[in-house]
Amino acid sequence: MAVEVRLPMILQKVAGGAKTVKVEGKSIREVFDNLEKNHPGFASRLFDNEGNLNHFIMVYVNNEDIRLQRGMQTELKDGDVITLLPAMAGGEDCCR
Amino acid sequence: METSLPFCLPWLAGKTAAAELKDRPESSFPLARRYADEMIAHAREEAPNECCGILAGPANEGRVKKLYRGINAEKSPVRYNIDPQQLLSIHEETEAKGWAILGIYHSHTHTEASPSATDVRLAFWPDSIYLIISLKQPGEPVIRAFSIRDGQIEEKQVAIGG
Ligand SMILES: [Zn+2]
């Protein structure tokens with residue numbers, strides 16, 4: 001069961017420059033585990049030190065934000081398209 | 001190296017940032033006046049909260065063809081974060097047109113138009129230019145533009161055109 005993962009610029013270098021990669025997995029968790037296996041370096045960019053999904057990485061399955069679904073447990077079907085985008089965010093230093 | 005400092009410093013001091021920008025035309029960010037006006041209007045409407053948005057256009061031309069007013073999901077005077085669902089749809093639209101996200105703008109309602117440490121830490125779009133609108137002097141808004149890559153900030157001259 002394979003899904004397509006679309007990578008933003010900052011993650012393409014981890015995948016050897018590819019804009020999209022095919023990955024096996026029945027959930028976002030499995031897909032991310034396999035991404036790390038195929039292209040070591042993803043996990044450190046996707047997760048924080050506690051292993052939680054980085055707040056500033058947006059993950060969409062067929063255009064739906066996984067945070068509005070079941071997060072890392074979101075289930076996938078063959079051919080689903082996963083898009084990763086970094087947040088466009090910032091703020092004053094006093095308040096983060 | 002400490003010993004090289006006396007030789008380095010006078011040379012550096014003579015080369016101001018402004019002079020360097022003039023010498024390097026690729027270091028400017030061309031922007032039609034209507035987009036500059038629109039960004040300032042957006043900043044004023046959202047104040048005291050920060051506004052944010054996206055400037056997109058054909059990647060090869062590097063000219064802004066569309067301004068997308070972002071929804072600041074944080075609705076905050078000290079933070080911005082473009083609504084994730086909106087971010088995706090803008091991203092899809094620009095990809096479909098063969099465009100690039102040339103600029104990402106946000107406002108500083110009471111501080112200078114320079115990137116904060118947080119702005120730099122959260123600059124995950126190295127190929128886009130970050131524009132900041134300052135409303136510190138409400139009657140004299142300032143727009144400045146920066147490339148932020150791997151924590152390195154380089155100012156771009158905002159070249160306002162017709
Ligand atoms: Zn800022």
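Quick note: structure is the one above.
Everything quoted here is computed from the prediction, not taken from an experiment. (Residues numbered from 1 in each chain as written. Chains lettered and ligands numbered in written order. Predicted model: local features only at pLDDT ≥ 70, side-chain atom pairs only at ≥ 80, totals over all residues. Heavy atoms only, no water.)

Let's shift gears to the pairing of strand β7 (residues 142-149) of chain B. Residues and elements named next belong to chain B. As paired elements, strand β6 (residues 129-134) and β7 share 6 bridges and run antiparallel to each other. Paired with Tyr130 across the bridge in β7 is Phe146. In the sheet, β7 pairs with strand β8 (residues 152-161) via 5 bridges, with the strands oriented antiparallel. From the neighbouring strand, Ala145 faces β8, where its bridge partner is Lys156. Turn length for the β7-β8 hairpin, with the two strands adjacent in sequence and antiparallel, is 2 residues, and the turn residue Asp150 shows positive phi of about 50 degrees. (Pairing = 2+ DSSP bridges. Helix = DSSP H or I, 4+ residues; strand = E, 2+ residues; numbered from the N terminus.)

Take the interface of chain B and chain A next. Across the boundary between the two partners, chain B contributes 28 residues, which contact 22 residues of chain A. Between chain B and chain A, the buried area comes to about 2,500 Å², and carbon and sulfur atoms account for 56% of it. The largest per-residue losses of area from chain B upon contact with chain A belong to Leu88(B), Leu122(B) and Phe124(B), which jointly make up 22% of the total buried on that side. Counting residues per element, the ones that place at least two in the side of chain B that touches chain A are β4 (79-81), α4 (84-97), β5 (99-108) and α5 (117-121) of chain B. At 6 residues, the largest contribution of residues to the side of chain B that touches chain A is made by α4(B). Partitioning the side of chain B that touches chain A into residue classes produces 15 nonpolar, 7 polar and 6 charged. Note that strand β6 (residues 89-91) of chain A and β4(B) share 3 bridges and pair antiparallel. Its bridge partner lying in β4(B), Gly91(A) is registered against Arg79(B). (Contact = heavy atoms within 4.5 Å. Buried area = accessible area lost by both parts, 1.4 Å probe. Nonpolar A, V, L, I, M, F, W, Y, C, P; charged D, E, K, R; others polar.)

We now examine the layout of surface pockets. By volume, the largest pocket amounts to about 540 Å³. Taken together, 27 residues make up the lining of the largest pocket; nearest its centre are Met9(A), Gln12(A), His91(B), Glu95(B) and Trp125(B). Among the secondary structure elements, those contributing two or more residues to the lining of the largest pocket are α1 (9-12) and β5 (81-86) of chain A together with α4 and β5 of chain B. Taken together, the residues of the lining of the largest pocket break down into 15 nonpolar, 7 polar and 5 charged. The computed volume of the second largest pocket comes to approximately 300 Å³. (1 Å grid on protein atoms, 1.4 Å probe; cavity = no way out; pocket = protein on both sides within 12 Å on 5 of 7 lines; lining within 4 Å. Points joined across faces, edges and corners; volume = space filled by probe spheres on them.)

A few words now on the environment of Val21(A). Residues and elements named next belong to chain A. One can find Val21 in strand β2 (residues 20-24). Relative accessible area serves as the criterion here: at 10%, Val21 is assigned to the buried category. The spacing of Val21 and Ala2 is 19 residues in sequence and 9.9 Å in space, taken between C-alpha atoms. Setting aside residues no more than four positions away along its own chain, Val21 makes contact with Val3, Glu4, Val5, Leu7, Ala15, Leu35 and His39. (Buried < 20%, exposed > 50% of the residue type's maximum accessible area, 1.4 Å probe, protein only.)

Applying the stated criterion across every chain yields a total of 14 salt bridges over all chains. Here Arg6(A) and Glu4(A) are joined by a salt bridge, their closest N and O atoms 3.2 Å apart. Among the charged side chains, a salt-bridge network with shared partners connects Glu4(A), Arg6(A) and Glu92(B). (Salt bridge = Lys/Arg side-chain N within 4 Å of Asp/Glu carboxyl O.)

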